[in-house]
2 protein chains.
Amino acid sequence: MEYIASPKNEHIKAAKKLTVKKYQKQGDAYLLEGWHLVEEALKAGQQPRRIYAINKFLEERALRPYYEQLTEISPEVAKHLSETPTPQGIFAVMPRVTGTLPEAVSGSYLLLDGIQDPGNVGTLVRTADAAGIQQVIFGDGTADAFNPKVLRAMQGSQFHVNITTTALAPVIAQLQAAQVPVYGTELNVNAKSYRDVQPTRHFGLIVGNEGNGMSQELLHQTDVNLYIPIRGEAESLNVAIAAAVVMFHLTA
Amino acid sequence: MEYIASPKNEHIKAAKKLTVKKYQKQGDAYLLEGWHLVEEALKAGQQPRRIYAINKFLEERALRPYYEQLTEISPEVAKHLSETPTPQGIFAVMPRVTGTLPEAVSGSYLLLDGIQDPGNVGTLVRTADAAGIQQVIFGDGTADAFNPKVLRAMQGSQFHVNITTTALAPVIAQLQAAQVPVYGTELNVNAKSYRDVQPTRHFGLIVGNEGNGMSQELLHQTDVNLYIPIRGEAESLNVAIAAAVVMFHLTA
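Values in this document were obtained by computation on a predicted structure and should not be read as measured data.

## Considerations on the relation of the copies chain B and chain A
In step 1: Note on the identical chains: chain B maps onto chain A by a rotation of 180° and an axial translation of 0.0 Å, with an RMSD of 0.0 Å. Given the turn and translation reported, the copies of this chain are related as if by a two-fold rotation axis.
In step 2: Interface overlap between copies: 100% of the residues of chain B at the interface are likewise at the interface in chain A, consistent with a symmetric, same-surface contact.

Structural data, given as structure tokens:
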């Protein structure tokens, strides 16, 4: 097995670049960090192009089928590749596979309309997974699905739900053509308390930008616009929190 | 009005220290940053010891009653005092007033058992406020209520709910003596789906540490232990997300 001790190694330099969107697109690959995420990717049947790991991971059972792709790295290299202050020491170069929309409506959909904060995006995907939602659509202005902070915050749920990056309007049209209700989340005079909507097997839920809410154009496309009644004096809820409350209600 | 141009000014040095717990305790004060938070503090009737603001805030109507406490600072000083990359330029030295428990049970209670991440703590307080919970108890091992990141994430809800920092066991005992149900949130064989519990006017809800959950000692004190049924393959929910789902159910 190859051993790389120096962060100046060409392969390591190339791997490090795969945390940046431009180079990810050029190489059609991205860098995944951390044992849990690498394990989840392999469990999901994704084929790593290369795995870089410090010595302590080399004997892991889950890595045995990938011995040919495995390269040992020094702790110094791990530190260089890492996006976190305390790196675990394992990284995988994975194909940048983007999901595609199912042709027929399949399960429930969470639609992200311009969610900018990577932590929010990741938490939304993780929460959608837990609530039993199968499709998460990253609309315009949403943080990239392969952004290192998004990857980390999704905590492996990216390998359980189908993530598609595409314009939201055609998705909404597809859902509506299939008689699936599409809910917006913007407080306006016609908004309905989420508690007054019955749980359904199929639905689309749109959540909007942290500061500006959802786009007016999409808002006009929705069937019903939901709001969460605020009891106290808080002015708003974090977008991931609000979406969680509505998702767990709709999937009850 | 005094004008301070240099970050080396003694008052500025002292104010900067009031972001650190040790000096906060010594001075019985803390530094609050940002227009929204300062405004909420003043609205809540809290008396600032000193307000440091760049020129553009000096004419704000809400600051007029505090003209005696107002000091103009340079943008350079604002940058020095700030905990954020893009400071707004307003800071208040506030008395470090800690809440006290009401003698009789008042409203519903959220009990934080060792929540370490300041963002989670702040989001929990903000969400409790929105759900109509009046008491938030910061138990042992929970991030400090005057930690700058906690202050920021609470987004002003610290001035709407009553925050008390104290051991949780006596609070649980007080609630139970008043016949108020106390719910834990730990997945175990006896846990009950949160959906099977009826909303009530008074309750206590304990949420536990991000990694280790709630302490076993407190767990034994609870009446019922709640869990959120996970539909997908996600292994867990973020603690603030989980608490939000349960809080909005219990306060419905």
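## Here we look at the sheet that holds strand 1 (residues 3-4) of chain A
Residues and elements named next belong to chain A.
In step 1: Overall, mixed pairing links the five strands, which are arranged 1-4-3-5-2 in an open sheet. Each edge of the open sheet is held by one strand with a lone partner, namely strand 1 and strand 2 (29-33).
In step 2: One ladder, built from three bridges, connects strand 3 (residues 50-53) with strand 4 (residues 70-73); its direction is parallel. Counted as the bridge partner of Ala53 is Glu72 from strand 4.
In step 3: Together, strand 1, strand 2, strand 3, strand 4 and strand 5 (90-95) form the strand contacts of helix 1 (residues 10-17), whose direction differs from that of strand 3 by roughly 105°.
In step 4: Along the sheet, helix 3 (residues 35-43) makes contact with strand 2 and strand 5, crossing strand 5 at roughly 35°.

## Some points on helix 5 (residues 118-131) of chain A
All names here are of chain A.
In step 1: Look at helix 5: 20 Å from first C-alpha to last across 14 residues, which is about the 20 Å you get at 1.5 Å a residue.
In step 2: Burial of helix 5 is extensive: 13 of the 14 residues sit out of reach of the surface.
In step 3: Between the side-chain oxygen at the start of helix 5 and the backbone nitrogen of Gly119 there is a gap of 3.1 Å, and the oxygen is on Asp117.

## Quick look at the UniProt feature "domain: RNA 2-O ribose methyltransferase substrate binding" (unreviewed entry) in chain A
In step 1: According to UniProt, the positions carrying the feature "domain: RNA 2-O ribose methyltransferase substrate binding" (unreviewed entry) are residues 31-100 of chain A.
In step 2: Taken end to end, residues 31-100 of chain A comprises 23% helix and 24% strand; its first and last C-alpha atoms sit 21 Å apart.

## What to know about the pattern of salt bridges
Residues and elements named next belong to chain A.
In step 1: Overall, the coordinates contain ten salt bridges over all chains when judged by the stated rule.
In step 2: Here Lys16 ties to Glu83 by a salt bridge, and the two come within 3.8 Å at their closest N and O atoms. Here Lys16, found in helix 1, pairs with Glu83, found in the loop between helix 4 (75-81) and strand 5; they are 67 residues apart in sequence, far enough to count as distant.
In step 3: Looking at Glu83, the relative accessible area reads 37%, which means it is partly exposed.
In step 4: For Glu40, the salt bridge goes to Lys43, with nearest N and O atoms at 3.5 Å. With a gap of three residues between them, Glu40 and Lys43 both fall in helix 3, about one helical turn apart.
In step 5: Classification of Glu40 as buried rests on a relative accessible area of 6%.
In step 6: Counted as one network, the salt bridges with shared partners bring together Lys21, Arg96 and Asp144.

## Notes on the interface of chain B and chain A
In step 1: Each side of the interface is counted separately: chain B has 31 residues, and chain A has 31 residues.
In step 2: Its largest share of buried area at the contact with chain A, chain B owes to Arg126, Ile241 and Phe248 of chain B, together 23% of the area lost on that side.
In step 3: Elements with a minimum of two residues in the side of chain B that touches chain A: helix 3 (35-43), helix 5 (118-131) and helix 9 (239-250) of chain B.
In step 4: Across the side of chain B that touches chain A, the residue classes tally to 14 nonpolar, ten polar and seven charged.

## What about the sheet that holds strand 7 (residues 135-138) of chain A?
Residues and elements named next belong to chain A.
In step 1: Taken together, the seven strands give an open sheet; going across it, the order is 8-7-6-11-9-12-10, and neighbouring strands pair in parallel fashion. Unpaired on one side and paired on the other, strand 8 (162-165) and strand 10 (192-193) mark the two borders of the sheet.
In step 2: Pairing of strand 6 (residues 109-113) with strand 11 (residues 204-208), which is carried by five bridges, proceeds in the parallel orientation. Its bridge partner being in strand 11, Leu112 is matched across the sheet by Val207.
In step 3: Running over the sheet, helix 9 (residues 239-250) touches strand 6, strand 9 (182-184), strand 11 and strand 12 (224-227) and is turned about 165° from strand 11.

## Notes on helix 9 of chain B
Side chains of residues three or four places apart in an α-helix project in the same direction, reflecting 3.6 residues per turn.
All names here are of chain B.
In step 1: Its twelve residues give helix 9 an end-to-end C-alpha distance of 16 Å, which sits within 8% of 16 Å, the value for a rise of 1.5 Å per residue.
In step 2: Of all twelve residues that make up helix 9, ten are buried, and the element is covered over most of its length.
In step 3: When helix 9 is considered as a whole, its buried residues turn out to be Val239, Ala240, Ile241, Ala243, Ala244, Val245, Val246, Met247, Phe248 and Leu250.
In step 4: With a side-chain oxygen positioned 2.7 Å from the backbone nitrogen of Ala240, the residue opening helix 9 is Asn238.

## Describing the nonpolar core
In step 1: Counting residues in each nonpolar core, the largest one holds 144 residues, and the members touching the most others are Ile73 and Leu110 of chain A together with Ile73 and Leu110 of chain B.
In step 2: Those residues within four positions of Ile73 of chain A in sequence are excluded, and the remaining contacts are Tyr3, Ile4, Ile12, Tyr52, Ala53, Ile54, Asn55, Ala78, Leu81, Gly89 and Phe91 of chain A.

## Description of the side chain of Gln24 of chain A
Residues and elements named next belong to chain A.
In step 1: Counting through the fold element by element, Gln24 comes out in helix 2 (residues 21-27).
In step 2: Classification of Gln24 by relative accessible area gives buried; the value is 1%.
In step 3: A polar atom in the side chain of Gln24 sits 3.0 Å from the backbone oxygen of Leu18.

## Describing unusual backbone geometry
In step 1: One non-glycine residue, Gln155 of chain A, lies in the positive phi region at around 50°.
In step 2: Relative to the helices and strands, Gln155 of chain A resides in the loop between helix 6 (148-154) and strand 8.
In step 3: With a phi close to 55°, Asp28 of chain B is a non-glycine residue in the positive phi region.
In step 4: On the accessibility criterion, Asp28 of chain B (44% relative accessible area) is partly exposed.

## Some words on the pairing of strand 3 of chain A
Working note: regular strand, side chains alternate between the two faces of the sheet.
In step 1: Of the pairings in the sheet, the one linking strand 3 of chain A to strand 5 of chain A comprises four bridges and is antiparallel in character. By the bridge assignment, Arg50 of chain A is partnered in strand 5 of chain A with Val93 of chain A.

## Some thoughts on the packing of aromatic side chains
In step 1: According to the stated counting rule, one finds four aromatic pairs over all chains in the structure shown.
In step 2: Seen in terms of ring centroids, Tyr30 of chain A and Phe146 of chain A are 4.6 Å apart; in terms of plane orientation they differ by 55°. Their pairing is tilted. Taken as a pair, Tyr30 of chain A in strand 2 and Phe146 of chain A in the loop between strand 7 and helix 6 lie far apart in primary sequence, 116 residues in all. The residues Tyr30 of chain A and Phe146 of chain A share a single accessibility class, namely buried.
In step 3: Pairing Trp35 of chain B with Phe57 of chain B gives two aromatic rings, centres 5.6 Å apart and planes at 25°, and the pair type is stacked.

Scoring rules and cut-offs
Residues numbered from 1 in each chain as written. Chains lettered and ligands numbered in written order. Predicted model: local features only at pLDDT ≥ 70, side-chain atom pairs only at ≥ 80, totals over all residues. Heavy atoms only, no water. Least-squares fit on C-alpha atoms with pLDDT ≥ 70 in both. Contact = heavy atoms within 4.5 Å. Pairing = 2+ DSSP bridges. Helix = DSSP H or I, 4+ residues; strand = E, 2+ residues; numbered from the N terminus. Axes fitted to C-alpha atoms, helices over the stretch in contact; angles between N-to-C directions. Expected span 1.5 Å × (residues − 1). Buried < 20%, exposed > 50% of the residue type's maximum accessible area, 1.4 Å probe, protein only. Polar contact = N/O pair within 3.5 Å; in protein donor to acceptor, adjacent residues only side chain to side chain. UniProt positions renumbered as here; feature names shortened; annotations may be inferred. Salt bridge = Lys/Arg side-chain N within 4 Å of Asp/Glu carboxyl O. Buried area = accessible area lost by both parts, 1.4 Å probe. Nonpolar A, V, L, I, M, F, W, Y, C, P; charged D, E, K, R; others polar. Core = buried A, V, L, I, M, F, W, Y, C linked by side-chain atoms within 4.5 Å. Phe/Tyr/Trp six-rings, centres within 6.5 Å; stacked < 30°, edge-to-face > 60°.

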